[in-house]
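The lines below spell out each chain.
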Amino acid sequence: MRAFGGRPTESSPAVRVGDADRDRVIAELRDRYADGSLAQESFLFRVDAALRARWRDDLARILDDLPEPRPSLAQAARNRLTRAGRAVRRGLAGQLQTPRPPLRFMLPSGTKKSFTIGRDTACDLVLSDMTVSRSHAGLSRVAEGWLLTDAGSTNGTRLNGWRVTEPVPLRAGDEIMFGALTMVVAEDTWHARVAGTP
């Protein structure tokens with residue numbers, strides 16, 4: 001093992017070592033010995049060199065050839081937890097960015113002419129979503145097909161992105177939003193229901 005010590009070179013300033021400098025280097029050596037980076041003989045040799053050092057350059061050379069410190073068990077566990085947390089957040093963000101396919105809006109069968117839509121169990125078509133009002137919208141059967149109306153809901157009703165403010169006709173494939181709940185008028189039921197209208 002090479003010896004440490006000697007006068008600073010011409011290119012570096014001659015700064016004498018203080019007790020705080022020695023304590024810092026010895027603490028670093030203790031940590032390296034504890035994590036297995038240093039053998040006992042090397043540790044004792046370097047501590048002795050730190051105690052004898054007179055110039056800061058000498059102290060710097062004591063640590064120069066050591067590898068990067070290994071993380072402590074606690075730090076390694078924290079790092080693993082941090083990485084796991086990031087992975088979970090990325091996974092959740094991916095799920096949030098990937099919208100679910102919209103639900104199918106099945107038109108009612110039978111001869112009834114008007115239907116109420118909302119979260120209340122008294123409605124004809126119950127939608128159990130918290131963004132849907134108790135009495136959210138209405139659906140009316142007319143000679144030409146179906147009309148959709150909003151019943152003064154808090155979060156509104158939208159048809160193909162447009163807010164419903166008056167009765168609007170429904171067609172197969174139309175996208176309806178009741179609050180944040182998105183549904184698409186099912187095409188297979190459309191033909192059967194329209195054909196059955198008087």
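Residues numbered from 1 in each chain as written. Predicted model: local features only at pLDDT ≥ 70, side-chain atom pairs only at ≥ 80, totals over all residues. Heavy atoms only, no water.

For this particular structure, what's the right way to read the packing of aromatic side chains?
The description of an aromatic ring pair uses the distance of the two centres, along with the angle that the planes make with each other. For the structure shown, the criterion picks out three aromatic pairs. The interplanar angle of 40° and the centroid separation of 6.0 Å between the aromatic rings of Phe105 and Phe178 together place this pair among those described as tilted. Here Phe105 is found in strand 1 (residues 103-105), whereas its partner Phe178 is found in strand 9 (residues 175-178), with 73 residues between them in sequence. The burial state of Phe105 is the same as that of Phe178; both residues are buried. Centroid distance Phe115 to Trp146: 6.0 Å. Interplanar angle 45°. Geometry classified as tilted. (Phe/Tyr/Trp six-rings, centres within 6.5 Å; stacked < 30°, edge-to-face > 60°. Helix = DSSP H or I, 4+ residues; strand = E, 2+ residues; numbered from the N terminus. Buried < 20%, exposed > 50% of the residue type's maximum accessible area, 1.4 Å probe, protein only.)

In this structure, what is going on with helix 2 (residues 40-52)? I would like to understand it.
Helical geometry note: an α-helix holds 3.6 residues per turn, so side chains three or four residues apart project in the same direction. Under the 1.5 Å per step criterion, the end-to-end length of helix 2 is 18 Å for 13 residues, consistent within 8% with the ideal 18 Å. Within the span of helix 2, buried status applies to Ser42, Phe43, Arg46, Val47, Ala49 and Ala50. The buried residues of helix 2 all sit within an arc of 160° when viewed along its axis, so they share a single face. Away from the buried face of helix 2 by more than 90 degrees, exposed residues Glu41, Leu51 and Arg52 are located. Considering only its buried residues, helix 2 is in contact with helix 1 (19-34) and helix 3 (56-64). (Expected span 1.5 Å × (residues − 1). Arc of directions from axis to C-beta. Contact = heavy atoms within 4.5 Å.)

I keep staring at the nonpolar core and nothing clicks. Help me out?
Generally speaking, nonpolar side chains in soluble globular proteins are found buried as a group. Ranked by size, the top nonpolar core spans 18 residues in total, and within it Phe105, Ile117, Leu139, Leu148, Leu170, Ile176 and Phe178 carry the most contacts. Only strand 2 (114-118), strand 4 (137-142), strand 5 (145-150), strand 9 and strand 10 (181-185) provide two or more residues apiece to this core. Ignoring anything within four residues of it in the chain, the contact list for Ile117 reads Phe105, Cys123, Leu125, Leu127, Ser135, His136, Ala137, Gly138, Leu139, Leu148 and Phe178. Core analysis: the next-biggest nonpolar cluster, separate from the first, contains 13 residues, Val25, Leu29, Ala49 and Leu66 among them. (Core = buried A, V, L, I, M, F, W, Y, C linked by side-chain atoms within 4.5 Å.)

Explanation requested: the environment of Val168 in the structure shown.
By the secondary structure assignment, Val168 is in strand 8 (residues 168-170). In sequence terms Val168 and Asp150 are 18 residues apart; their C-alpha atoms lie 9.6 Å from each other. Those residues in contact with Val168 that sit more than four places away from it in its chain are Trp146, Leu147, Leu148 and Leu159.

What is the right way to read the sheet that holds strand 6 (residues 157-159) from this model?
Sheet strands pair via backbone hydrogen bonds, and the direction of the pair is either parallel or antiparallel. Pairing within the open sheet is mixed, and its five strands lie in the order 1-10-9-6-7. The sheet is open, and its two edges are formed by strand 1 and strand 7 (162-163), each paired on a single side. For strand 1 and strand 10, the ladder comprises three bridges, and the chain directions are parallel. Among the inter-strand pairings, Leu103 is bridged to a residue of strand 10, identified as Met183. (Pairing = 2+ DSSP bridges.)

Explain the sheet that holds strand 8 to me, please; I cannot follow it from the model alone.
Spatially, 3-2-4-5-8 is the arrangement adopted by the five strands of the open sheet, whose pairing is mixed. Bordering the open sheet on either side are strand 3 (125-126) and strand 8, each of which pairs with just one other strand.

Just to check I follow, could you spell out helix 3 for this structure?
Of all the residues in helix 3, the buried ones are Asp58, Leu59 and Ile62. In a view along the axis of helix 3, the buried residues occupy a sector of 100°, so they form one face of it. Where helix 3 is buried, its residues meet helix 1 and helix 2.

Would you explain unusual backbone geometry in this entry?
The phi angle of most residues is negative, glycine excepted, and most peptide bonds adopt the trans form. You will see that Asn160, though not glycine, has its phi angle at about 55°, which is positive. Residue position: Asn160 is located in the loop between strand 6 and strand 7. Residue Asn160 is classed as partly exposed on the basis of its relative accessible area, which comes to 37%.

Even after reading the chapter, I still don't get the pairing of strand 4, so can you show me in this structure?
Within a regular strand, the side chains alternate between the two sheet faces. As judged from the four bridges shared by strand 2 and strand 4, these two strands associate in the antiparallel manner. Counterpart to Thr116 in the pairing with strand 4 is Gly138. Pairing geometry for strand 4 and strand 5, over six bridges, is antiparallel. Paired with Arg141 across the bridge in strand 5 is Trp146.

From the geometry alone we can't say anything about function, so treat these as descriptive.
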